[in-house]
Amino acid sequence: MTYQERVIQIRRVSKVVKGGKKLSFRAIVVIGNEKGEVGVGVGKASDVIGAVRKGVADGKKHLITIPLTKSNTIPHPIVGGGGGANVMMRPAAPGTGVIAGGAVRTVLELAGVKNILAKQLGSGNPLNNARAAVNALKTLRSFNQVAEDRGVTVADLFA
């Protein structure tokens, strides 16, 4: 399975130690296959390339699978949270496209969602917003799962 990776943010962070300041880089990376699998990873290293590599490895560890409908959207509206960020997502009609901003847009595009409305609420922090988006996508349930949980057929759900 080929995964695409996109770097959301690279930050230079410093730690004050006895001899002065120790500089390192933090990379936030989103990884996905555009077929319903996506993950967010964070890597820290003394160089940017190393941080991105660690971020990709971390993202692969935290992959989630999401249910997509035939029109490449989510099955139902959802709100997800991560840190101080909340992300609201709604399914959209075919042809709408991905209407989302910042880190949430990247997460949705790499997850393979083609039609969706999303809004970041609260924090503007890219890491927390990416985690909130993944949290929302993780809690999605397909119609088949809901029907199975209730012990009815999918046709009875809409009756």
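All of these numbers come straight from a predicted model, not from anything done at the bench. (Residues numbered from 1 in each chain as written. Predicted model: local features only at pLDDT ≥ 70, side-chain atom pairs only at ≥ 80, totals over all residues. Heavy atoms only, no water.)

A. Region of interest: the domain arrangement of the chain. Assigned domains of the chain: these are domain 1 (4–64) and domain 2 (67–157). Relative placement of domain 1 and domain 2: their C-alpha centres are 23 Å apart. Taken together, the contact between domain 1 and domain 2 spans 18 residues of the former and 15 residues of the latter. At the boundary of domain 1 with domain 2, total buried surface from both sides reaches about 1,300 Å², with 76% on carbon and sulfur atoms. Summed over the shared surface of domain 1 and domain 2, the number is one salt bridge. Here R6 and E109 are joined by a salt bridge, their closest N and O atoms 2.7 Å apart. In this assembly, domain 1 and domain 2 are joined by four residue pairs in polar contact (both at pLDDT 80 or more). Secondary structure elements with two or more residues in the side of domain 1 that touches domain 2: β1 (4–17), β2 (20–32) and β3 (37–45). Sorting elements by how many residues they give to the side of domain 1 that touches domain 2 places β2 first, with five residues. Across the side of domain 1 that touches domain 2, the residue classes tally to eight nonpolar, five polar and five charged. (Domains from an automatic or database assignment. Contact = heavy atoms within 4.5 Å. Buried area = accessible area lost by both parts, 1.4 Å probe. Salt bridge = Lys/Arg side-chain N within 4 Å of Asp/Glu carboxyl O. Polar contact = N/O pair within 3.5 Å; in protein donor to acceptor, adjacent residues only side chain to side chain. Helix = DSSP H or I, 4+ residues; strand = E, 2+ residues; numbered from the N terminus. Nonpolar A, V, L, I, M, F, W, Y, C, P; charged D, E, K, R; others polar.)

B. Representation of the pattern of salt bridges in the model. By the definition in use, this model includes three salt bridges. For E109, the salt bridge goes to R105, with nearest N and O atoms at 3.2 Å. Here E109 and its partner R105 are both found in helix α2 (residues 102–111), four residues apart, which amounts to about one turn of the helix. Given the relative accessible area of 25%, E109 is considered partly exposed. Assessed through its relative accessible area of 32%, R105 is described here as partly exposed. Here the salt bridges do not stand alone but share partners, grouping R6, R105 and E109 into one network. (Buried < 20%, exposed > 50% of the residue type's maximum accessible area, 1.4 Å probe, protein only.)

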